[in-house]
Amino acid sequence: MTTPVTRPETGQVTRPVTRAYSPAAETARAYYNSADADAFYAAIWGGEDIHIGIYDTPQDDIAAASRRTVAALASLAPALTASRHVLDIGAGFGGAARYLASRFGCRVTALNLSERENERNRALTDAQGLAGLVSVIDGAFEDIPLATASVDLVWSQDALLHSADRNGVFAEVARVLRPGGAFVLTDIMDSGRCDAASLAPVLARIYLADLGSLAAYQAMGEASGLVLTEWRDMREQLPRHYAKVAAELARRRGELAGQISDAYMDRMLAGLAAWIEAGERGCLDWGLMRFDRSA
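The structure reproduced in this document is the subject of the present report.

## Focus on the pattern of salt bridges
Next, step 1: Applying the stated rule across the entire model yields 23 salt bridges.
Next, step 2: Residue E48 pairs with R67 through a salt bridge whose shortest N-O separation is 3.8 Å. Of this pair, E48 sits in the loop between α2 (35–44) and α3 (62–76) while R67 is found in helix α3, placing the two residues 19 residues apart along the sequence.
Next, step 3: The exposure class of R67 is partly exposed, given its relative accessible area of 27%.
Next, step 4: In the salt-bridge network here, residues are joined through shared partners; they are E48, D49, R67 and R98.

Now the structure itself:
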(Lines give C-alpha, C1' and ligand atoms only; values in the text may rest on other atoms or scores of the structure.)
Protein backbone atom coordinates (compact mmCIF):
# COMPACT_ATOMS: atom_id res chain seq x y z
CA MET A 1 0.00 0.00 0.00
CA THR A 2 1.23 3.50 -0.82
CA THR A 3 -0.21 6.91 -0.21
CA PRO A 4 0.60 10.22 -1.94
CA VAL A 5 2.54 12.75 0.08
CA THR A 6 2.16 16.50 -0.13
CA ARG A 7 5.36 18.46 -0.30
CA PRO A 8 5.26 20.84 2.71
CA GLU A 9 6.76 23.90 1.05
CA THR A 10 4.71 23.87 -2.16
CA GLY A 11 1.71 21.64 -1.59
CA GLN A 12 2.74 19.53 -4.59
CA VAL A 13 2.37 15.77 -4.43
CA THR A 14 5.73 13.97 -4.36
CA ARG A 15 6.83 10.35 -4.31
CA PRO A 16 4.52 7.95 -2.48
CA VAL A 17 5.52 6.59 0.92
CA THR A 18 5.86 2.84 1.19
CA ARG A 19 4.01 1.91 4.38
CA ALA A 20 5.58 -1.57 4.58
CA TYR A 21 8.71 -0.84 6.61
CA SER A 22 11.78 -3.07 6.66
CA PRO A 23 12.09 -5.44 9.64
CA ALA A 24 14.75 -3.22 11.27
CA ALA A 25 12.66 -0.08 10.74
CA GLU A 26 9.56 -1.82 12.06
CA THR A 27 11.47 -2.90 15.18
CA ALA A 28 12.59 0.68 15.82
CA ARG A 29 9.08 1.98 15.09
CA ALA A 30 7.47 -0.44 17.54
CA TYR A 31 10.00 0.45 20.24
CA TYR A 32 9.64 4.23 19.92
CA ASN A 33 5.87 3.93 19.66
CA SER A 34 5.66 2.21 23.04
CA ALA A 35 4.23 4.13 25.98
CA ASP A 36 7.27 3.20 28.09
CA ALA A 37 9.78 4.60 25.60
CA ASP A 38 7.76 7.75 25.01
CA ALA A 39 7.50 8.47 28.73
CA PHE A 40 11.16 7.62 29.38
CA TYR A 41 12.63 9.88 26.70
CA ALA A 42 10.26 12.74 27.50
CA ALA A 43 11.03 12.60 31.22
CA ILE A 44 14.75 11.88 31.23
CA TRP A 45 15.95 13.88 28.23
CA GLY A 46 13.71 16.84 28.97
CA GLY A 47 11.16 16.28 26.20
CA GLU A 48 12.89 18.07 23.31
CA ASP A 49 16.09 16.30 22.24
CA ILE A 50 16.69 12.55 22.47
CA HIS A 51 20.29 12.09 21.40
CA ILE A 52 23.78 12.16 22.92
CA GLY A 53 24.72 15.40 24.63
CA ILE A 54 27.95 17.38 24.78
CA TYR A 55 29.03 18.00 28.36
CA ASP A 56 31.32 20.84 29.34
CA THR A 57 31.28 19.73 32.99
CA PRO A 58 29.93 16.66 34.83
CA GLN A 59 27.35 18.96 36.43
CA ASP A 60 25.63 19.78 33.12
CA ASP A 61 22.09 18.46 32.95
CA ILE A 62 20.96 16.19 30.14
CA ALA A 63 18.66 18.69 28.42
CA ALA A 64 21.33 21.40 28.31
CA ALA A 65 23.99 19.00 27.04
CA SER A 66 21.63 17.62 24.39
CA ARG A 67 20.80 21.12 23.17
CA ARG A 68 24.53 21.89 23.04
CA THR A 69 24.89 19.07 20.51
CA VAL A 70 22.21 20.67 18.34
CA ALA A 71 24.05 24.00 18.39
CA ALA A 72 27.38 22.32 17.62
CA LEU A 73 25.95 20.43 14.66
CA ALA A 74 24.30 23.61 13.38
CA SER A 75 27.72 25.29 13.42
CA LEU A 76 28.92 22.56 11.05
CA ALA A 77 26.15 23.23 8.53
CA PRO A 78 26.25 25.71 5.63
CA ALA A 79 24.74 29.12 6.31
CA LEU A 80 21.01 28.80 6.94
CA THR A 81 18.50 31.47 5.95
CA ALA A 82 14.75 31.78 5.55
CA SER A 83 15.06 30.57 1.95
CA ARG A 84 16.60 27.24 2.94
CA HIS A 85 14.79 23.93 3.31
CA VAL A 86 16.14 21.45 5.89
CA LEU A 87 15.19 17.79 6.19
CA ASP A 88 15.69 16.17 9.61
CA ILE A 89 15.69 12.37 9.26
CA GLY A 90 14.89 10.43 12.41
CA ALA A 91 13.64 13.65 13.97
CA GLY A 92 12.38 12.21 17.27
CA PHE A 93 10.55 14.85 19.31
CA GLY A 94 11.65 17.59 16.89
CA GLY A 95 13.88 19.64 19.17
CA ALA A 96 16.48 20.23 16.45
CA ALA A 97 13.83 21.12 13.86
CA ARG A 98 12.35 23.77 16.14
CA TYR A 99 15.81 25.09 17.05
CA LEU A 100 16.74 25.54 13.38
CA ALA A 101 13.39 27.10 12.45
CA SER A 102 13.37 29.56 15.34
CA ARG A 103 17.07 30.44 15.13
CA PHE A 104 17.43 30.79 11.34
CA GLY A 105 13.88 31.12 10.03
CA CYS A 106 14.38 28.18 7.66
CA ARG A 107 11.72 25.64 6.72
CA VAL A 108 12.24 22.21 8.26
CA THR A 109 10.66 18.90 7.37
CA ALA A 110 10.88 16.46 10.28
CA LEU A 111 10.75 12.85 9.06
CA ASN A 112 10.29 10.12 11.64
CA LEU A 113 8.75 6.64 11.70
CA SER A 114 7.29 6.75 15.23
CA GLU A 115 3.75 8.11 15.06
CA ARG A 116 3.72 8.59 18.83
CA GLU A 117 6.87 10.72 18.73
CA ASN A 118 5.48 12.65 15.78
CA GLU A 119 2.32 13.47 17.73
CA ARG A 120 4.47 14.90 20.53
CA ASN A 121 6.57 16.76 17.96
CA ARG A 122 3.49 18.38 16.41
CA ALA A 123 2.11 19.37 19.82
CA LEU A 124 5.41 20.97 20.88
CA THR A 125 5.76 22.69 17.52
CA ASP A 126 2.24 24.12 17.75
CA ALA A 127 2.84 25.26 21.34
CA GLN A 128 5.96 27.15 20.26
CA GLY A 129 4.18 28.80 17.32
CA LEU A 130 6.38 27.12 14.70
CA ALA A 131 3.84 25.09 12.75
CA GLY A 132 4.26 27.44 9.79
CA LEU A 133 7.94 26.50 9.48
CA VAL A 134 8.12 22.91 10.74
CA SER A 135 6.27 20.08 8.97
CA VAL A 136 6.20 16.62 10.54
CA ILE A 137 5.97 13.58 8.26
CA ASP A 138 5.51 9.90 9.14
CA GLY A 139 8.03 7.76 7.26
CA ALA A 140 11.40 6.02 7.12
CA PHE A 141 14.65 7.47 5.84
CA GLU A 142 15.32 4.48 3.60
CA ASP A 143 12.48 5.80 1.39
CA ILE A 144 12.31 9.57 1.87
CA PRO A 145 8.93 10.95 0.71
CA LEU A 146 10.32 14.14 -0.83
CA ALA A 147 11.12 15.11 -4.39
CA THR A 148 14.60 14.78 -5.88
CA ALA A 149 16.86 17.83 -5.29
CA SER A 150 14.30 19.46 -2.99
CA VAL A 151 16.31 20.27 0.17
CA ASP A 152 19.44 22.28 0.96
CA LEU A 153 20.49 20.44 4.12
CA VAL A 154 19.84 16.97 5.52
CA TRP A 155 20.24 16.64 9.28
CA SER A 156 20.35 13.51 11.45
CA GLN A 157 21.22 12.78 15.07
CA ASP A 158 21.96 9.27 16.35
CA ALA A 159 19.43 7.69 14.01
CA LEU A 160 21.30 5.86 11.23
CA LEU A 161 22.39 3.11 13.61
CA HIS A 162 18.79 1.88 13.60
CA SER A 163 18.86 1.21 9.86
CA ALA A 164 19.68 -2.15 8.30
CA ASP A 165 20.23 -0.39 4.94
CA ARG A 166 22.60 2.48 5.60
CA ASN A 167 23.77 2.44 1.99
CA GLY A 168 20.17 3.08 1.02
CA VAL A 169 19.92 5.97 3.46
CA PHE A 170 22.99 7.68 1.96
CA ALA A 171 21.59 7.17 -1.53
CA GLU A 172 18.27 8.72 -0.51
CA VAL A 173 20.01 11.65 1.20
CA ALA A 174 22.03 12.32 -1.97
CA ARG A 175 18.87 12.09 -4.07
CA VAL A 176 16.89 14.71 -2.12
CA LEU A 177 19.82 17.12 -1.70
CA ARG A 178 20.20 19.96 -4.15
CA PRO A 179 23.62 20.35 -5.84
CA GLY A 180 25.91 22.05 -3.35
CA GLY A 181 23.84 20.84 -0.40
CA ALA A 182 25.20 19.18 2.73
CA PHE A 183 24.43 16.31 5.10
CA VAL A 184 25.33 16.85 8.77
CA LEU A 185 24.91 14.12 11.33
CA THR A 186 25.97 12.40 14.51
CA ASP A 187 25.83 8.66 14.98
CA ILE A 188 27.05 5.87 17.23
CA MET A 189 29.56 3.75 15.32
CA ASP A 190 31.82 0.73 15.66
CA SER A 191 35.34 2.01 16.32
CA GLY A 192 36.96 -1.22 15.07
CA ARG A 193 39.03 -1.43 18.27
CA CYS A 194 37.11 -4.35 19.81
CA ASP A 195 36.03 -7.81 18.74
CA ALA A 196 32.46 -8.74 17.85
CA ALA A 197 31.81 -10.32 21.25
CA SER A 198 32.52 -7.00 22.95
CA LEU A 199 29.77 -5.30 20.96
CA ALA A 200 27.20 -8.10 21.33
CA PRO A 201 25.44 -6.58 24.37
CA VAL A 202 25.19 -3.21 22.61
CA LEU A 203 23.83 -4.72 19.41
CA ALA A 204 21.30 -6.77 21.37
CA ARG A 205 20.03 -3.52 22.87
CA ILE A 206 19.10 -2.13 19.42
CA TYR A 207 18.22 -5.45 17.72
CA LEU A 208 20.78 -5.06 14.92
CA ALA A 209 23.54 -7.25 13.56
CA ASP A 210 26.13 -4.48 13.37
CA LEU A 211 26.92 -0.79 13.60
CA GLY A 212 28.31 1.47 10.92
CA SER A 213 31.80 2.94 11.10
CA LEU A 214 33.40 6.20 10.05
CA ALA A 215 35.22 4.47 7.18
CA ALA A 216 32.04 2.70 6.08
CA TYR A 217 30.04 5.93 6.13
CA GLN A 218 32.75 7.70 4.15
CA ALA A 219 32.61 4.94 1.52
CA MET A 220 28.80 4.97 1.45
CA GLY A 221 28.85 8.72 0.99
CA GLU A 222 31.35 8.57 -1.87
CA ALA A 223 29.30 5.88 -3.61
CA SER A 224 26.32 8.26 -3.50
CA GLY A 225 28.21 11.42 -4.50
CA LEU A 226 28.68 12.75 -0.97
CA VAL A 227 32.17 13.68 0.24
CA LEU A 228 33.11 13.66 3.93
CA THR A 229 34.50 17.15 4.55
CA GLU A 230 34.58 17.29 8.34
CA TRP A 231 34.73 14.87 11.27
CA ARG A 232 34.86 16.00 14.88
CA ASP A 233 35.81 13.08 17.10
CA MET A 234 33.93 13.38 20.40
CA ARG A 235 33.82 9.72 21.43
CA GLU A 236 34.41 10.56 25.10
CA GLN A 237 30.96 12.16 25.25
CA LEU A 238 29.17 8.84 24.62
CA PRO A 239 29.88 7.02 27.90
CA ARG A 240 29.61 10.33 29.74
CA HIS A 241 26.11 10.86 28.38
CA TYR A 242 24.83 7.36 29.03
CA ALA A 243 26.25 7.41 32.57
CA LYS A 244 24.35 10.64 33.15
CA VAL A 245 21.14 9.11 31.78
CA ALA A 246 21.55 5.98 33.94
CA ALA A 247 22.13 8.06 37.06
CA GLU A 248 19.09 10.23 36.32
CA LEU A 249 16.86 7.21 35.75
CA ALA A 250 18.05 5.56 38.97
CA ARG A 251 17.50 8.78 40.91
CA ARG A 252 13.97 9.30 39.60
CA ARG A 253 12.87 5.68 39.39
CA GLY A 254 10.40 5.95 42.24
CA GLU A 255 8.86 9.10 40.77
CA LEU A 256 8.47 7.47 37.34
CA ALA A 257 7.06 4.16 38.61
CA GLY A 258 3.51 5.02 37.64
CA GLN A 259 4.51 6.17 34.16
CA ILE A 260 7.15 3.63 33.07
CA SER A 261 7.03 -0.10 33.77
CA ASP A 262 9.59 -1.68 36.10
CA ALA A 263 10.51 -4.17 33.38
CA TYR A 264 11.34 -1.36 30.95
CA MET A 265 13.43 0.50 33.51
CA ASP A 266 15.33 -2.70 34.38
CA ARG A 267 16.08 -3.34 30.70
CA MET A 268 17.06 0.29 30.15
CA LEU A 269 19.52 0.32 33.05
CA ALA A 270 21.09 -2.93 31.84
CA GLY A 271 21.31 -1.59 28.30
CA LEU A 272 22.84 1.69 29.44
CA ALA A 273 25.47 -0.23 31.41
CA ALA A 274 26.44 -2.06 28.20
CA TRP A 275 26.74 1.24 26.27
CA ILE A 276 28.84 2.78 29.05
CA GLU A 277 31.21 -0.20 29.21
CA ALA A 278 31.63 -0.34 25.43
CA GLY A 279 32.23 3.41 25.28
CA GLU A 280 34.77 3.41 28.09
CA ARG A 281 36.65 0.52 26.47
CA GLY A 282 36.92 2.50 23.22
CA CYS A 283 34.70 0.12 21.25
CA LEU A 284 32.40 2.91 20.05
CA ASP A 285 32.93 6.11 18.09
CA TRP A 286 30.71 9.17 18.20
CA GLY A 287 31.13 12.62 16.75
CA LEU A 288 29.94 15.27 14.29
CA MET A 289 30.18 14.74 10.52
CA ARG A 290 29.57 16.79 7.43
CA PHE A 291 29.20 15.45 3.90
CA ASP A 292 28.98 17.74 0.88
CA ARG A 293 27.15 17.04 -2.37
CA SER A 294 29.07 18.33 -5.35
CA ALA A 295 27.67 21.29 -7.25
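## Here we look at the state of the cysteines
Next, step 1: Under the counting rule described, the total for this entry stands at one disulfide.
Next, step 2: One disulfide in the model links C194 with C283; its S-S distance is 2.0 Å. Across the S-S bond linking C194 and C283, the dihedral sits near -85°, which makes this disulfide left-handed. One end of the pair, C194, is in the loop between β7 (177–190) and α7 (196–206); the other, C283, is in the loop between α11 (262–280) and β9 (284–293), with 89 residues separating them in the sequence. No difference in accessibility class separates C194 from C283, as the two residues are buried.

## Some remarks on helix α5 (residues 115–127)
Next, step 1: When the terminal C-alpha atoms of α5 are compared, their 18 Å separation across 13 residues agrees well with the 18 Å that a helix rising 1.5 Å per residue should span.
Next, step 2: Along α5, the positions that sit buried rather than exposed are E117, N118, N121 and T125. For α5, the angular spread of buried residues about the axis comes to 95°, placing them on one side. Opposite the buried face of α5, by more than 90 degrees, sit the exposed residues E119, D126 and A127.
Next, step 3: Directly after α5, the chain includes G129, whose backbone phi takes a positive value near 70°.

Cut-off values and rules
- Residues numbered from 1 in each chain as written.
- Predicted model: local features only at pLDDT ≥ 70, side-chain atom pairs only at ≥ 80, totals over all residues.
- Heavy atoms only, no water.
- Salt bridge = Lys/Arg side-chain N within 4 Å of Asp/Glu carboxyl O.
- Helix = DSSP H or I, 4+ residues; strand = E, 2+ residues; numbered from the N terminus.
- Buried < 20%, exposed > 50% of the residue type's maximum accessible area, 1.4 Å probe, protein only.
- Disulfide = S-S within 2.5 Å.
- Expected span 1.5 Å × (residues − 1).
- Arc of directions from axis to C-beta.

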